[in-house]
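Geometric and topological summary
This is what each chain is made of:
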Amino acid sequence: MNLETIAIILGGLTIGSALMVIISKHPVRSVLYLVLTFFMISANYILMNAQFIAIVNIIVYAGAIMVLFLFVLMLLNLSRENEPKSSIMVKLSAVIAGGTLFTVFIAALKDGVAVAATTATDADSIGLVESLGRLLFTKYVLPFEMSSVLFIAAMVGAVLLAKREKQIIE
Amino acid sequence: MSELIEKFIVIVVLFTVSLGVAAYATYFERKVAAWFQDRIGPDRAGPFGILQPLADGGKLFFKEDFIPEKAEKWLFILGPGIAMFVALMTGCVIPWSTALEFGENIVEMQVADVNIGILFIMGFLSIGVYGIMIGGWASNNKFALFGAIRASSQMISYELAMGICVITIVMMTGSLSLKDIVNHQHGFWADGYFTWNVFKQPLAFIIFFICALAETNRAPFDLPECESELIGGYHTEYGSMKMGFYLFAEYTSLFISSAVIAVLFFGGFNFPGMDNFEGNTLALLGIAAMFAKTFVFIFIFMWIRWTIPRFRFDQLMHLGWKKLIPISLINMLVTGLVIAYNEGWFN
């Protein structure tokens, strides 16, 4: 069992679980398959020796964001009967929009270079915390700080929106 | 090949110990409760009721395995499985002691020394909520759903403060590996001060401990299974060994979180005067120290459960978001300033 085979099997599983997200009829099941997909993506990161990104992907996406998704879906408790009916126009525009995005992806990735899977025993520590932190605080310090400002802005915005709604009710 | 066999043995031993401690934690919980309430507690199965966990386990196994008609069948089965899996997985990055030597072979008392150890534990904590959420939702019962929703909101809220406390420890150590964190607290006394993190970060310890109570759904934060409001909470519809798995997972995570507290704040396998020993003696004494600390914390967890009444849910959220997170953020900032000062940034 060499790394190439593991990478192929893992890739297949990743795509399979991602497909199940859109094939599943029930929204809660879709979300659970999405969680599984995040785990598969993390496994892919580990295969590329990026342990930090892998675990952060699990903590942030699978552990926090998807829990909130699931939370909302469970509260709504959508089922086949009370699912909002979407018209044929909405479906058609969704297909066109999705297809456009798909075309852009294919066009962008067509000439991409395949990243080979590396073993965890490799001497280089590209994906490990130390080298990642050093890069983030030297070479990429401006984008890093900019994105943190963006996140704070988004957070303040969300709080503001929630507060305003409450005042209207009162 | 021999390395694989060694790892396999370490894993099996860890698995057995986790399950054994979890099983006997149920016994001690009942004994501690009995002691606090001036009763005798379980005393029928074997001397002092010592076989009670086996009797309970046997009873759970032989009960009828029932799935409600309107439940989501597969998710209903998956829920307790995830809870148990997650509770058992976290133990594998904890360093239990220094290496044991068998002639030529050196056996590490840790299944995997990954360089992101503490984040691994945080990750598994954060997905632990899926077991409860899936089980509660799949039961198709409103009380179970309430329990599941309470569990998830509670766990997300307390994870933040917990993570910030972990960051202060990581800042002081300069590594995410649990082994490095333990080695950084070597011995007990050095350079005129205690080496254990609890003496350097008492505030972080208190916040981490409160968050650990909330993350393991223990009283006074056991809102997800608050029986006076929600019957049994998320496992209302569960019976036989499926419910057994939920209860077992709770006690396993009690054991693991006690071990994590011991590692992060109480020096793990370090003990005063450890430099006088070496080799296997040191390793065995280290295991003894580690387990002694873990059991003390398990006892404190139980002590709190049988002393403090349950919080109300809004009080719980208030405490998490408005008290613990700001305090831990200030604590982190002060720690950063002190580290910067020691590094000579202000000279």
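Residues numbered from 1 in each chain as written. Chains lettered and ligands numbered in written order. Predicted model: local features only at pLDDT ≥ 70, side-chain atom pairs only at ≥ 80, totals over all residues.

If you tally the helices and strands in chain B, you get twelve helices and four strands. Relative to a compact globule of 347 residues, whose C-alpha radius of gyration would be 20 Å, chain B shows 21 Å and is just as compact. In terms of overall dimensions, chain B has C-alpha extents of about 70 × 50 × 45 Å along its principal axes. Classification of the 347 residues of chain B by burial places 45% in the buried group. Long-range pairs, those at least 24 residues apart, make up 78% of the contacts in chain B with a sequence separation of at least 6. (Helix = DSSP H or I, 4+ residues; strand = E, 2+ residues; numbered from the N terminus. Rg over C-alpha atoms; globule rule 2.2 N^0.38 Å. Buried ≥ 20, exposed ≤ 12 C-beta atoms within 10 Å, placed from the backbone. Contact = placed C-beta atoms within 7 Å.)

With that settled, consider the overall build of chain A. Each helix and strand in chain A was counted, giving six helices and zero strands. Of the regular secondary structure in chain A, the N- to C-terminal order runs α-α-α-α-α-α. The contacts of chain A with a sequence gap of at least 6 include a subset with a gap of at least 24, amounting to 62%.

All names here are of chain A. Where helix H2 (residues 27-47) meets helix H3 (residues 51-76), the axes come as close as 9 Å, and the angle between the chain directions of the two elements is 175°. The angle between H2 and H3 falls in the class roughly antiparallel. In this structure, H2 uses Pro 27, Val 28, Val 31, Leu 34, Val 35, Phe 38, Phe 39, Ile 41, Ser 42, Tyr 45 and Ile 46 to contact H3, whose residues at the interface are Gln 51, Ile 53, Ala 54, Asn 57, Ile 58, Tyr 61, Ala 62, Met 66, Phe 69, Leu 70, Leu 73 and Met 74. Of the residues assigned to the contact of H2 with H3, the class counts are 20 nonpolar, three polar and no charged. (Axes fitted to C-alpha atoms, helices over the stretch in contact; angles between N-to-C directions. Parallel < 35°, antiparallel > 145°, perpendicular 65-115°, else oblique. Nonpolar A, V, L, I, M, F, W, Y, C, P; charged D, E, K, R; others polar.)

What follows is about the interface of chain A and chain B. With 16 residues of chain A at the contact, the number on the chain B side is 18 residues. It is H3(A) that contributes the most residues to the side of chain A that touches chain B, 13 residues altogether. Residues of the side of chain A that touches chain B, tallied by class, amount to 14 nonpolar, two polar and no charged.

Before going further, it helps to spend a moment on the confidence of the model for chain B. Residues with a pLDDT of 70 or more make up 100% of chain B, whose mean pLDDT is 83. Interface confidence for the predicted complex, given as ipTM, is 0.79, next to a pTM of 0.84. (pLDDT = per-residue confidence, 0-100.)

Here is a general trend for soluble globular proteins: nonpolar side chains tend to be buried in one another's company. Formed by 111 residues in total, the largest nonpolar core has its most connected members in Ala148(B), Phe208(B) and Cys211(B). Ignoring any residue separated from it by four or fewer positions in sequence, one finds Ala148(B) in contact with Met74(A), Ile132(B), Met133(B), Gly136(B), Trp137(B) and Tyr234(B). (Core = buried A, V, L, I, M, F, W, Y, C linked by C-beta atoms within 7 Å.)

Residue and element names in this part refer to chain B. Between its first and last C-alpha atoms helix H5 (residues 142-173) spans 46 Å; for 32 residues at 1.5 Å apiece the expected length is 46 Å, and the two agree. Taken as a whole, H5 carries its principal kink of about 25° at Glu 159. Backbone geometry just after H5 places Gly 174 at a positive phi near 80°. (Expected span 1.5 Å × (residues − 1). Bend = angle between axes of the 7 residues up to and from the residue.)

Moving on to unusual backbone geometry. Residues and elements named next belong to chain B. Of note in this structure, Asp 38 is not a glycine but carries a positive phi near 60°. Residue Asp 38 is classed as exposed on the basis of its 6 C-beta neighbours within 10 Å. One non-glycine residue, Phe 48, lies in positive phi territory at about 55°.

Turning next to the packing of helix H1 (residues 3-23) of chain A against H2(A). Residues and elements named next belong to chain A. In contact at an axis separation of 8 Å, H1 and H2 are set at 160° when each is read in the N-to-C sense. One way to sum up the angle between H1 and H2 is to call them roughly antiparallel. Between H1 and H2 lies a crossing of left-handed hand. Contacts between H1 and H2 involve Ile 6, Ala 7, Leu 10, Leu 13, Thr 14, Ser 17, Ala 18, Met 20 and Val 21 on the former and, on the latter, Ser 30, Tyr 33, Leu 34, Leu 36, Thr 37, Met 40, Ile 41, Ala 43, Asn 44 and Leu 47. (Left-handed = near helix turned anticlockwise from the far one by under 90°.)

Before going further, it helps to spend a moment on the environment of Thr98(B). Among the structural elements, Thr98(B) can be located in strand S1 (residues 97-102). Not counting the four nearest positions on each side in its chain, Thr98(B) is found in contact with Met109(B), Phe269(B), Leu282(B), Ala283(B) and Gly286(B).

Residues and elements named next belong to chain B. Alignment of S1 against strand S2 (residues 105-109), held across four bridges, turns out to be antiparallel. The partner of Ser 97 across the bridge, within S2, is Met 109. What sits between S1 and S2 in their antiparallel hairpin is a turn of two residues, with Gly 103 showing a positive phi close to 60°. (Pairing = 2+ DSSP bridges.)

This part is about the environment of Phe245(B). All names here are of chain B. With respect to the helices and strands, Phe 245 occurs in helix H10 (residues 240-265). Separated by 111 residues in the primary sequence, Phe 245 and Ile 134 have C-alpha atoms spaced 14 Å apart. Among all residues touching Phe 245, those that are not within four sequence positions of it are Pro 80, Ala 83 and Met 84.

Turning our eyes to something else, we now look at the environment of Ile82(B). Relative to the helices and strands, Ile82(B) is located in helix H3 (residues 73-89). Residue classification places Ile82(B) among the buried positions, given that 21 C-beta atoms sit within 10 Å.

Moving on, we come to the confidence of the model for chain A. Averaged over chain A, the pLDDT score is 80; the fraction of residues at 70 or greater is 81%. Put simply, helix H5 (residues 129-137) of chain A is where chain A has its lowest mean pLDDT, 80, and helix H4 (residues 88-109) of chain A is where it has its highest, 88.

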